[in-house]
Amino acid sequence: MKAPADADPKLLDNPASEEELRMPLWQHLDELRSAIIRVLLVLGVLVTVLFNYSEYVIVLLEKPCSMCYQEIANSTLPVSLTSS
């Protein structure tokens, strides 16, 4: 197995380093569980905070659409909703 370019030279000199760096399946699952919990916590905080500003966010998201609708309504060019 080839070592990455940014590998620590101390680890490369130690023949047991590869075995020390390998993790059993349960450790991988434990890290995955921790990452999922962190993501869910951040998502929960964001949803809670943004819920308080939901009206502002909706207005912010609707603004470009309403500008397009007004431009279409004011245009003299025929607008077709179906492709021909």
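The rules behind each value
- Residues numbered from 1 in each chain as written.
- Predicted model: local features only at pLDDT ≥ 70, side-chain atom pairs only at ≥ 80, totals over all residues.
- Heavy atoms only, no water.
- Helix = DSSP H or I, 4+ residues; strand = E, 2+ residues; numbered from the N terminus.
- Buried < 20%, exposed > 50% of the residue type's maximum accessible area, 1.4 Å probe, protein only.
- Areas by Shrake-Rupley, 256 points an atom, 1.4 Å probe, with all protein chains shown as cover.
- Salt bridge = Lys/Arg side-chain N within 4 Å of Asp/Glu carboxyl O.
- Patch = residues over 30% accessible without salt bridge, like charges linked within 9 Å, V, L, I, M, F, W, Y side chains within 5 Å.
- pLDDT = per-residue confidence, 0-100.

1. Here we look at the overall build of the chain
Of the regular secondary structure elements, the chain holds four helices and zero strands. Listed by position from the N terminus, the elements making up the chain come as α-α-α-α. By residue count, 1% of the 84 residues in the chain fall in the buried class. Here the chain has roughly 8,500 Å² of accessible surface; of this, 66% comes from carbon and sulfur atoms.

2. Examining the pattern of salt bridges
Scanning all chains against the criterion turns up one salt bridge. Ionic pairing is found between Asp 30 and Arg 33, a salt bridge with its closest N-O pair at 2.4 Å. With Asp 30 and Arg 33 both in helix H3 (residues 25-52) and three residues apart, this pair spans about one turn of that helix. Residue Asp 30 is classed as partly exposed on the basis of its relative accessible area, which comes to 33%. A relative accessible area of 47% means that Arg 33 is categorised as partly exposed.

3. Some points on a nonpolar patch on the surface
Taken together, Val 42, Val 45, Leu 46, Val 49, Leu 50, Tyr 53, Tyr 56 and Leu 60 make up a surface patch of nonpolar side chains, about 810 Å² in accessible area. Sorting the residues of the nonpolar patch by element identifies H3 and helix H4 (54-74) as the ones contributing at least two each. The element contributing the most residues to the nonpolar patch is H3, with five residues. On the secondary structure map, Val 42 appears in helix H3.

4. Notes on the confidence of the model for the chain
Residues of the chain with pLDDT of at least 70 account for 64%, and the chain-wide mean is 78. Averaged pLDDT values over the elements of the chain bottom out at 58 in helix H1 (residues 9-13) and peak at 94 in H3.

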